[in-house]
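# Structural overview for review
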Amino acid sequence: MDRRLTPFSGRKALTVLQGQVAASFTEGEPARIAPALAPLLANPGGIVDRTLIHGDAVTVIDRRDGHAFVQAAKDGYCGWLPEAALGPDGPVTHRVSSPATHLYPAQNLKAPPIMPLYLNARVQVLSVSGKWAETPAGFIDSSHLAPEGSFAADPVAVAETMLHAPYLWAGNSVSGVDCSGLVQLSLHAAGRPCPGDSDLQRSLGTEVPEDEPFRRGDLIFWKGHVALLAAPDTILHATAHTMRVIREDLQTAITRIEAREGLPVIARRRP
């Protein structure tokens, strides 16, 4: 079993795994992510696997040493996060549709913001007054929100809004993003399912034959890396080579990655 997708903490598991693992079983406890971002860890206090976003729905499976073991609803990813990152489950009506916005304590853009919110964060809008949307936690510029269930038409256009965002291992926002995080947040913004890591993303869609030209929105994979095609000869990707999201000539990237890292292209997918 892939530990990233297996709702088993080592001692507690969701009931769907009965008969498959030796564990104490639970239906789990629904919750949502409370801060702007929360690291999803391989172990309590361990390395970061991915990052969850404000309002992400999770199922809490286990608790230990101030951490909770959870499974994210959006992609099934499992891991540990600080218990303080958990908030109550509740309804959501809107998602953040801009790369970033701010949550304010009042309808005043000069007020010190409570915290930033990032693309695909989920919130409950209670009312709208002028340009301000009121949520249980504060106020947001309503132009930065879209109703839940409405999505961007083009995931590549979403990725283009992330150009120059800093590279961050396991990042899932414009404040810091890695290659698979860029692909996931762009596809999710367009209402399309997408796993969290590049090796898992190789299951998306259908294979693009080598003799067929790329199309905008296709994915190209190296071992441990993925990029979006902005055009048949141009990619968008978050790369540690420049430590940011860049637009790059496809053949230049293929040649550089193989020359410097010895990694050939291993898959071409059309999600």
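Presented here is a report on the structure given in the accompanying data block. (Residues numbered from 1 in each chain as written. Predicted model: local features only at pLDDT ≥ 70, side-chain atom pairs only at ≥ 80, totals over all residues. Heavy atoms only, no water.)

### Some words on unusual backbone geometry
For Asp-65, which is not a glycine, the phi torsion comes out positive at approximately 50 degrees. Along the chain, Asp-65 falls in the loop between strand E6 (57-64) and strand E7 (67-72). Asp-65 sits in the exposed class, given a relative accessible area of 67%. (Helix = DSSP H or I, 4+ residues; strand = E, 2+ residues; numbered from the N terminus. Buried < 20%, exposed > 50% of the residue type's maximum accessible area, 1.4 Å probe, protein only.)

### Describing empty space enclosed by the protein
Tallied over the full model, the rule gives one cavity of 30 Å³ or more. If you add up the space inside the largest cavity, you get close to 40 Å³. Leu-40, Arg-50, Thr-51, Leu-52, Lys-74, Asp-75, Tyr-77, Asn-172 and Gln-184 are the residues that line the largest cavity. In terms of residues, the lining of the largest cavity owes the most to one element, strand E5 (residues 48-53), which gives three residues. For the lining of the largest cavity, a count of residues per class yields three nonpolar, three polar and three charged. (1 Å grid on protein atoms, 1.4 Å probe; cavity = no way out; pocket = protein on both sides within 12 Å on 5 of 7 lines; lining within 4 Å. Points joined across faces, edges and corners; volume = space filled by probe spheres on them. Nonpolar A, V, L, I, M, F, W, Y, C, P; charged D, E, K, R; others polar.)

### Looking at the pattern of salt bridges
Under the defined criterion, the tally for this structure stands at 21 salt bridges. A salt bridge links Glu-160 to Arg-216, with the nearest nitrogen and oxygen atoms 3.5 Å apart. Of this pair, Glu-160 sits in helix H1 (residues 155-160) while Arg-216 sits in the loop between strand E20 (206-207) and strand E21 (219-222), placing them 56 residues apart in sequence. Glu-160 sits in the partly exposed class, given a relative accessible area of 24%. Each of Asp-2, Arg-4, Arg-50, Asp-178, Asp-197 and Asp-199 takes part in a single network of salt bridges with overlapping partners. (Salt bridge = Lys/Arg side-chain N within 4 Å of Asp/Glu carboxyl O.)

### Concerning the sheet that holds strand E16 (residues 138-141)
Strand order in the open sheet made by the three strands is E14-E15-E16, with antiparallel pairing throughout. If you trace the sheet from one side to the other, it starts and ends with strand E14 (127-129) and E16, each paired once. Each strand axis lies, on average, 30 degrees off the axis of its neighbour in the sheet, ignoring direction. Here E14 pairs with strand E15 (residues 132-135) via three bridges, running antiparallel. Bridge pairing in E15 links Ser-127 to Glu-134. (Pairing = 2+ DSSP bridges. Axes fitted to C-alpha atoms, helices over the stretch in contact; angles between N-to-C directions.)

### Some words on the sheet that holds strand E25 (residues 267-270)
The sheet built from six strands is open, its strands ordered E20-E25-E21-E22-E23-E24 with antiparallel pairing. With one partner strand each, in any of the chains shown, E20 and strand E24 (244-249) form the two edges of the open sheet. Pairing of E21 with E25 involves three bridges; the strand directions are antiparallel. Within E25, the residue paired with Phe-221 across the bridge is Ala-267.

### Topic: the layout of surface pockets
The space that makes up the largest pocket amounts to roughly 480 Å³. Lining the largest pocket are 28 residues, and of these Tyr-167, Trp-169, Cys-179, Gly-224 and His-225 sit closest to its centre. Counting residues per element, the ones that place at least two in the lining of the largest pocket are E5, helix H2 (179-189), helix H3 (198-201), strand E23 (234-239) and helix H4 (250-261). Grouping the constituent residues of the lining of the largest pocket by class yields ten nonpolar, seven polar and eleven charged.

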